[in-house]
Amino acid sequence: MSKAKPFSISKWVVLKAFRRVKANGGAAGVDRESIEEFERNLEKNLYKLWNRMSSGSYFPPPVRAVEISKDNGGKRPLGIPTVADRVAQMAGKLYLEPEVEPHFHPHSYGYRPGRSAVEAVGVARKRCWCYDWVVDLDIKGFFDNLDHGLMMKAVRKHTKYKWILLYIERWLKAPAQKEDGTLVDRDKGTPQGGVVSPLLANLFLHYAFDDWMKRNYPGIPFERYADDIIVHCVSEKQAKFIRAKIEERLLQYGLELNREKTRIVYCKDTNRRTGYQNEWFDYLGYTFCSRKAKNREGKFFYAFSPGVSTEAVKDIRRVMRGWRIHRRSDLSIKDLSRLFNPIVRGWINYYGQYHKTALYRVFQVFNHILVRWAMWKYKTLRYHQRRATSWLRFVARRKAGLFAHWEFGIRP
């Protein structure tokens, strides 16, 4: 290894990192360079990045600070790295992830290979049948308050690569650049939007929460997806106890529970009749609550189960209306299917896993949108909603596979 290149970083890994970044897409950073523009001179750009990273002279540029709206009306800050910096972070992730992944808790599901949010929902569903109580945890501003010193201490436990330690520290400290060009220094937190941030978040909470729970309270199960955590308890007394202990533990790591959003929930069903002020919770886009169900003998009962949440329904409807399909009279119905079916299928594949009937009211909205489109498209259907609905029903009977929600059984 030459003095000019103290770090051995594979050129193949850097190329692989670019391919991952390209597949993920995303907006431009502070330099306003898109992925397509970066790719036009790919060989030169990747060589320059590899050369700087290998020599230790790579310094991440500021992340572009943007804010997105939250469901509660607030704003969530995001930090968007440049394309080159996303490639650099992805290269670091490709080296670090195999070293930390085997140590993670089996019920940590967020941003891990081979694991998913819907898997976490399924495990939570089964445990809510076995445990009467849930502690629904909400950590206040987790990504914004992650302690850099503790983060680096955790990374040092798991990697032998000095360049990873060097660049992770630089990524953590990289300032955020606002729209007016103002730079904001960062002495804590990791930007949501960074490629390496989810892995670092998992590693941080592995020590702050997962491993601590495993060592001290192995009989109290939980599911964690990034910083979304629910804990299952056998009694209200145990729920109050573990909530207090978790709050103490997180404070040691510079984190704070949001007391207004952290709730103790009673998992009410047919066999659990005692009332409680909180009998539902939202988790990963699903609402867990008492729902009517039918057993194998055909008898009805109430089970504490997940179904698509009200907020998720609002988001889906907002996206569908934003397509303004009724204005696209230049397109055929096959064109609409090609454009929007992949998105609709994705929603169904996720939210249709549990309590499928909750999706009916969502996709009937899409059917109404298609009816409006038909009225704009064909003069013979204009101002005749019933006739347009009949036409769409005819199409749905003949071509049930045209739209995913028709295949799912939600037809006009």
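Quick notes on the rules
- Residues numbered from 1 in each chain as written.
- Predicted model: local features only at pLDDT ≥ 70, side-chain atom pairs only at ≥ 80, totals over all residues.
- Heavy atoms only, no water.
- Helix = DSSP H or I, 4+ residues; strand = E, 2+ residues; numbered from the N terminus.
- Buried < 20%, exposed > 50% of the residue type's maximum accessible area, 1.4 Å probe, protein only.
- Lys, Arg positive; Asp, Glu negative; His and termini not counted.
- Salt bridge = Lys/Arg side-chain N within 4 Å of Asp/Glu carboxyl O.
- Contact = heavy atoms within 4.5 Å.
- Pairing = 2+ DSSP bridges.
- Phe/Tyr/Trp six-rings, centres within 6.5 Å; stacked < 30°, edge-to-face > 60°.

1. Some thoughts on the side chain of aspartate 227
Here comes step 1: Among the secondary structure elements, aspartate 227 is positioned in the loop between strand 6 (222–225) and strand 7 (228–233).
Here comes step 2: Of the side chains with opposite charge, arginine 224 lies nearest to the buried aspartate 227, which makes no salt bridge, at 7.4 Å.
Here comes step 3: Setting aside anything within four residues of it in sequence, one finds aspartate 227 in contact with Ile139, Phe142, Phe143 and Leu205.

2. Considerations on the pairing of strand 11 (residues 300–308)
Here comes step 1: Bridge count between strand 10 (residues 286–294) and strand 11: 9 bridges; the pairing is antiparallel. Within the sheet, the bridge partner assigned to lysine 292 lies in strand 11 and is tyrosine 302.

3. Digging into the packing of aromatic side chains
Each aromatic ring pair is specified by the distance between its two centres and by the angle formed by the two planes.
Here comes step 1: In total, this model carries 32 aromatic pairs according to the counting rule given.
Here comes step 2: A centroid spacing of 5.2 Å and a plane angle of 75 degrees characterise the contact between phenylalanine 142 and phenylalanine 143, whose relative ring orientation is edge-to-face. Each member of the pair, phenylalanine 142 as well as phenylalanine 143, carries the same accessibility label: buried.
Here comes step 3: Seen in terms of ring centroids, phenylalanine 281 and phenylalanine 304 are 6.1 Å apart; in terms of plane orientation they differ by 35 degrees. Their pairing is tilted. Of this pair, phenylalanine 281 sits in strand 9 (residues 281–283) while phenylalanine 304 sits in strand 11, placing them 23 residues apart in sequence. With respect to burial, phenylalanine 281 and phenylalanine 304 carry one shared label: buried.
Here comes step 4: What links up through ring pairs into an aromatic cluster is the set Trp323, Phe340, Trp347, Phe363, Phe366, Phe403 and Trp406.

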